[in-house]
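# Commentary on secondary and tertiary structure
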Amino acid sequence: MIAPQRQPATETIVPVALGERAYDIVIGRDTIETLGARIKALRPGARVAILTDENVARAHLDNVTAILTASGIEATPIVVAPGEGSKSYKNFETVCEAIIAARIERNDLVVALGGGVIGDLAGFAAASVRRGLDFVQVPTSLLAMVDSSVGGKTGINSRHGKNLIGAFHQPILVIADTAVLDTLPEREFRAGYAEVAKYGLLGDADFFTWLETNWRDVYAGGAAREHAIAVSCRAKAAIVARDERETGDRALLNLGHTFGHAFEAGAGYSQRLLHGEAVALGCVLAFEFSERQGLLGGNSVSRVRAHLAEAGLPTKINDVQGGVPDVDRLMELIAQDKKVKRGKLTFILVRGVGQAFVANDVDPAAIRAFLAEKRGS
Ligand SMILES: NC(=O)c1ccc[n+]([C@@H]2O[C@H](COP(=O)([O-])OP(=O)(O)OC[C@H]3O[C@@H](n4cnc5c(N)ncnc54)[C@H](O)[C@@H]3O)[C@@H](O)[C@H]2O)c1
Ligand SMILES: O=C(O)C(=O)C[C@@H](O)[C@H](O)[C@H](O)COP(=O)(O)O
Ligand SMILES: [Zn+2]
């Protein structure tokens, strides 16, 4: 029986149906209050290491520690610098050593308290220390709530490209407390919205239409925001449940990412271009490229561009602070994408809004010419 300290007003539970690796995503205001009780119910007697970053620690670490302490759970905090640069070999070592030093053992847990950077880093450390520790995701950014905390992709970046070192390692629980978003900077919220819109673009035209009408309410908070988070989590959970390790249509979740990841790497994994911003731009380019390939007509491209731009996201290469690398470097980065097989490029292309598909063997010359035109070189 789970007895939370303070009962959240409403909570939505989205199950991720992965057999013996199944878990719940618990969504709603104040759901973080249930963290201690839920951990106790899932892993009685476990101690935890909480990985977080400096910004999230300032806003939420004391509260989370108090919630765990109230349930009799001993917690050791590990705090890293904020930002994409923290998904590095150096931090991976620091975090693994800190988990080991805290004597987190196989019956214990790692808690990822933060955005996608913390979730990816904590998950990879948990997958690796003592050959695998369980972990809990407590996402604190919109992006982490709708995407990175779900599905078990964990990892760090390489100079050759994004997320090239990592593991599939599912969390045992995800607690997405929407109240935590009250402290999230606006630019970060907008970046997370790109991944929300992605679900509409890749497979749910009605959701995209709903977002076109209701996005301001999603930004404002309240019921529309919780609805958008729940729809996104349901979409991701369904895809992950049928293709956990991306042997098939999980790749749809990569819409916009092949272009986007190359731009992020090109920006040195810096604040010049956030992941969600790169995804927004990448989605527009995926629609434009698909149109160029004769795959879609009508007003889809202008619709997608207009919506993402009005939501405050970059939609043109010129929107990237400091620009993007030259085409040779972009093609080098794209060649390292994890979807590449024997040198053949895979892109997620579209036949319309909500109609994405996995295109294998996309002509590199066509991508190169398209990028050269788009960056004006
Ligand atoms: N594993 C996956 O399936 C998956 C999916 C999507 C993205 N990702 C990864 O996620 C990362 C991006 O995640 P992100 O956008 O959350 O970035 P992030 O983790 O850098 O967090 C964004 C920023 O907001 C701050 N922050 C987070 N929550 C806050 C809060 N509640 N209050 C105040 N500040 C807060 C952080 O300190 C950081 O500065 C990328 O590395 C991307 O590759 C992974
Ligand atoms: O969960 C997935 O699968 C995704 O592709 C979600 C993406 O939003 C996310 O950015 C993911 O980390 C990208 O995966 P990668 O395999 O291209 O690194
Ligand atoms: Zn992403």
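Residues numbered from 1 in each chain as written. Chains lettered and ligands numbered in written order. Predicted model: local features only at pLDDT ≥ 70, side-chain atom pairs only at ≥ 80, totals over all residues.

### Describing the domain arrangement of the protein chain
For interface size, the figure often reported is the accessible area lost on association. Segmenting the protein chain into domains produces domain 1 (12–183) and domain 2 (186–375). One C-alpha centre belongs to domain 1, the other to domain 2; they are set 25 Å apart. The interface is formed by 30 residues belonging to domain 1 together with 31 residues belonging to domain 2. Listed by contribution, the elements that provide at least two residues to the side of domain 1 that touches domain 2 are β1 (12–16), β2 (23–28), α5 (142–148) and β8 (161–168). With five residues, the single largest contributor to the side of domain 1 that touches domain 2 is α5. Here the side of domain 1 that touches domain 2 is composed, by residue class, of 16 nonpolar, eleven polar and three charged. (Domains from an automatic or database assignment. Contact = placed C-beta atoms within 7 Å. Helix = DSSP H or I, 4+ residues; strand = E, 2+ residues; numbered from the N terminus. Nonpolar A, V, L, I, M, F, W, Y, C, P; charged D, E, K, R; others polar.)

### Quick look at the site of ligand 1
Around ligand 1 sit 33 residues, and of these Asn55, Gly115, Gly116, Ser141 and Ser148 come closest. Counting residues per element, the ones that place at least two in the shell around ligand 1 are α2 (54–70), α4 (116–128), α5, β8, α6 (186–203) and α10 (275–292). Here the residues of the shell around ligand 1 sort into eleven nonpolar, 14 polar and eight charged. When we break the shell around ligand 1 down by domain, the ones giving at least three residues each are domain 1 (12–183) and domain 2 (186–375). (Near = placed C-beta within 6 Å.)

### A closer look at the site of ligand 2
Taken together, Asp147, Gly151, Lys153, Lys162, Asn163, Glu195, Glu246, Arg250, Leu253, Asn254, His257 and Lys338 form the complete shell of residues around ligand 2. Of the residues contributing to the shell around ligand 2, the split by class is one nonpolar, four polar and seven charged. Each of domain 1 (12–183) and domain 2 (186–375) accounts for three or more of the residues forming the shell around ligand 2.

### Considering the UniProt feature "domain: 3-dehydroquinate synthase C-terminal" (unreviewed entry) in the protein chain
Here, the residues flagged by UniProt with the feature "domain: 3-dehydroquinate synthase C-terminal" (unreviewed entry) are residues 192–340. Taken end to end, residues 192–340 has its terminal C-alpha atoms 26 Å apart, with 64% of it in helix and 0% in strand. (UniProt positions renumbered as here; feature names shortened; annotations may be inferred.)

### Here's the deal with the pairing of strand β10 (residues 345–350)
Burial analysis of β10 places five of its six residues in the buried class, which makes it a mostly covered element. Bridge count for β10 against strand β11 (residues 356–362) is five bridges, and the pairing is antiparallel. Following the sheet pairing, Phe347 is matched in β11 by Ala359. Connecting the antiparallel pair β10 and β11 is a turn made up of five residues, with Gly354 showing a positive phi of about 80 degrees. (Buried ≥ 20, exposed ≤ 12 C-beta atoms within 10 Å, placed from the backbone. Pairing = 2+ DSSP bridges.)

### So, the pairing of strand β5 (residues 109–114)
Here β5 lies mainly inside the structure; six of its six residues are buried. Here β5 shows two buried faces, one formed by Leu109, Val111 and Leu113 and the other by Val110, Ala112 and Gly114. Sheet topology note: the β5/strand β6 (residues 134–139) ladder contains six bridges and is parallel. Paired with Leu109 across the two strands is Asp134, which belongs to β6. Handedness of the β-α-β unit built from β5, α4 and β6 comes out right-handed. (Right-handed = clockwise from strand over helix to strand, strands pointing away.)

### So, the sheet that holds strand β3 (residues 48–53)
A sheet is described by the order of its strands in space; here seven strands give the open sequence β1-β2-β9-β6-β5-β3-β4, paired in mixed fashion. Two strands bound the open sheet, and with one partner strand each, they are β1 and β4 (75–80). Going from strand to strand, the sheet's axes swing by 20 degrees on average, the running direction of each strand aside. Strand direction decides the pairing type here: β1 and β2, joined by five bridges, are antiparallel. Residue pairing in the sheet places Pro15 in a bridge with Asp24 of β2. Docked against the sheet, helix α1 (residues 35–42) engages β3, β5, β6 and β9 (173–177), running at close to 170 degrees with respect to β9. Contacting β3, β4 and β5, helix α3 (residues 89–101) crosses the sheet at an angle of about 165 degrees to β4. (Axes fitted to C-alpha atoms, helices over the stretch in contact; angles between N-to-C directions.)

### Comments concerning the packing of helix α7 (residues 205–220) against helix α8 (residues 223–242)
Contact pair α7 / α8: the axes reach a minimum separation of 9 Å and the direction vectors enclose 140 degrees. Judged on the interaxial angle alone, α8 and α7 are oblique. The hand of the α7/α8 crossing is left-handed. Along the contact surface, α7 presents Phe207, Asn214, Asp217 and Val218, while α8 presents Ala224, Arg225, Ala228 and Val231. Here the contact of α7 with α8 is built from residues that sort into five nonpolar, one polar and two charged. (Parallel < 35°, antiparallel > 145°, perpendicular 65-115°, else oblique. Left-handed = near helix turned anticlockwise from the far one by under 90°.)

### Observations regarding the nonpolar core
Residues Ile25, Val48, Leu51, Val110, Val111, Cys283 and Ala286 are the most contacted members of the largest nonpolar core, which totals 118 residues. By residue number, the principal contributor to this core is α10, which donates ten residues. Other than its neighbours up to four places away in sequence, Val48 contacts Ile39, Leu68, Ile73, Ala75, Asp108, Leu109, Val110 and Val111. (Core = buried A, V, L, I, M, F, W, Y, C linked by C-beta atoms within 7 Å.)

### Section: the confidence of the model for the protein chain
On average, residues of the protein chain score 96 in pLDDT, and 98% of them are at 70 or above. Here the complex is predicted with pTM 0.98, and the ipTM for its interfaces comes to 0.99. (pLDDT = per-residue confidence, 0-100.)

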